[in-house]
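# Inside the fold
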Amino acid sequence: MSDPDYAFPPAPRPALPIQGSDRLFPVRRIYCVGRNYAEHAREMGHDPDREPPFFFQKNPDNLVLDGVFPYPPLSADVHYEIELVVALGAGGRDIPEAEAESKILGYAVGLDMTRRDLQGQAKKAGRPWELAKAFEHSAPCGPIVPREALAGPLSKGAISLRLNGEIRQKGDLGDLIWTIPETISKLSELFELAPGDLILTGTPAGVGPVQRGDRLSGVIAGLPALDVEVR
Ligand code: MN
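Just so it is clear, the structure is predicted and the values come from calculations on it, not from any experiment.

Parameters at a glance
Residues numbered from 1 in each chain as written. Predicted model: local features only at pLDDT ≥ 70, side-chain atom pairs only at ≥ 80, totals over all residues. Heavy atoms only, no water. Buried < 20%, exposed > 50% of the residue type's maximum accessible area, 1.4 Å probe, protein only. Helix = DSSP H or I, 4+ residues; strand = E, 2+ residues; numbered from the N terminus. Arc of directions from axis to C-beta. Contact = heavy atoms within 4.5 Å. Donors = N, O, S within 2.8 Å, 3.2 Å for Na, K, Ca; no water. Pairing = 2+ DSSP bridges. Core = buried A, V, L, I, M, F, W, Y, C linked by side-chain atoms within 4.5 Å. Disulfide = S-S within 2.5 Å.

## Let's talk about helix H3 (residues 116-125)
- Of all the positions in H3, only Arg116, Leu118, Gln119 and Ala122 are classed as buried. On an axial view of H3, the arc spanned by its buried residues comes to 155°, and they lie on one face. Seen from the open side of H3, the exposed residues pointing more than 90 degrees away from its buried face are Gln121 and Lys124.
- On its buried face, H3 sits against strand S7 (78-80), strand S10 (114-115) and helix H4 (130-133).

## What to know about the coordination of the manganese ion
- In this structure, Glu81 (OE), Glu83 (OE) and Asp112 (OD) serve as the protein donors to the manganese ion, at separations of 2.0 to 2.2 Å.
- Sequence spacing of the donor residues for the manganese ion, all on one chain, is E-x1-E-x28-D. You'll find Glu81 and Glu83 in the same group, each marked buried.

## Some thoughts on the sheet that holds strand S14 (residues 166-172)
- Read from one edge to the other, the open sheet built from five strands follows the order S6-S18-S17-S13-S14, with strand pairing classed as mixed. Since the sheet does not close on itself, it has two edges, and those belong to strand S6 (68-69) and S14, each with one partner.
- Pairing analysis gives five bridges linking strand S13 (residues 158-163) to strand S17 (residues 215-220), with the strands arranged antiparallel. Residue pairing for S17: Leu161 is matched across the bridge by Gly218.

## Structural notes on the sheet that holds strand S15 (residues 198-200)
- Spatially, six strands are ordered S4-S3-S15-S8-S9-S12 in an open sheet, and the strand pairing comes out mixed. Of all strands in the sheet, those bounded by a partner on one side alone are strand S4 (54-58) and strand S12 (145-146).
- Sheet analysis places strand S8 (residues 82-88) next to strand S9 (residues 104-111), joined by seven bridges and oriented antiparallel. Within the sheet, the bridge partner assigned to Ile82 lies in S9 and is Leu111.

## Thoughts on the nonpolar core
- Of all hydrophobic cores here, the largest spans 40 residues; its most connected members are Tyr107, Leu111, Met113, Ile184, Val210, Leu216 and Leu223.
- Those elements that place two or more of their residues in this core are strand S3 (30-34), S7, S8, S9, S13, helix H5 (180-190), S17 and strand S18 (226-230).
- Leu223 has contacts with Leu84, Tyr107, Ala108, Val109, Val145, Leu150 and Leu154, leaving out every residue within four places of it along the chain.
- Listed in part, the 18 residues of the second largest apolar core include Val27, Ile30, Phe56 and Ala87.

## Some points on the state of the cysteines
- A complete count under the given rule lists zero disulfides for this structure.
- Cys141 provides the cysteine sulfur closest to Cys32, a residue in no disulfide bond, and the two sulfurs are 11 Å apart.

## With respect to the environment of Pro72
- Among the secondary structure elements, Pro72 is positioned in the loop between S6 and S7.
- Take Pro72: its relative accessible area is 6%, and that puts it in the buried class.
- As a C-alpha pair, Pro72 and Gly152 span 80 residues in sequence and 37 Å in three-dimensional space.
- If near-sequence neighbours (up to four positions away) are discounted, Pro72 is found in contact with Val78, Arg115 and Phe135.

## A short note on the pairing of S18
- Counting buried residues along S18, four of its five residues qualify, which places the element largely inside the surrounding structure.
- Where S6 meets S18, two bridges bridge the pair, whose relative direction is parallel. Across the sheet, the residue bridging to Phe69 is Val230, located in S18.
- Looking at chain direction, S17 and S18 are connected through four bridges and run antiparallel. Of the residues in S18, the one forming a bridge with Gly218 is Leu226.

If you want it as structure tokens, here you go:
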């Protein structure tokens, strides 16, 4: 089969390494869950009552694989948010919670880098969040650990972020307001999910700003650490 006659070469497909494999995980979409830990909802000035989860997206080509986060333009308040990333190996519509776990290929440690000042302006003006969330290099991510390589589903375990060696974010996956199966199920009511989709599942309390030269280290029990330098 010959390649289509594109007007210019198509951009390379973003892909993540899979630990213990030579194969790559080709990324289709990146979904993110907002306010999914009660303490973080409170620190952002919201009531952590169990309102339906809400979602936003990043672009697949916002992924950072080389551990370097260039400080983005037009912001003076860029925040880290450590998050568990769920990588789907299967998809569908209206996925029942009981079937959600079977759609997961693996897990990774990710950062939902956020231009907090632009997000604040967007919230105030009732505008979308893309400027704050879906900018270049806004999604540093580690390798995917296959589900079978873990003792069980990642439904609990420590999640933390260090800034220049100091603990800044600390939580437990067991404190997610919406569990991973619930999140997949709810998301699949809104979108048709597919293999290659990533879901950033929300961040625990303790978010804060980064400066050029900072070193971020995100750790989730059972997964390789994600080390990122801000340049
Ligand atoms: Mn987030």
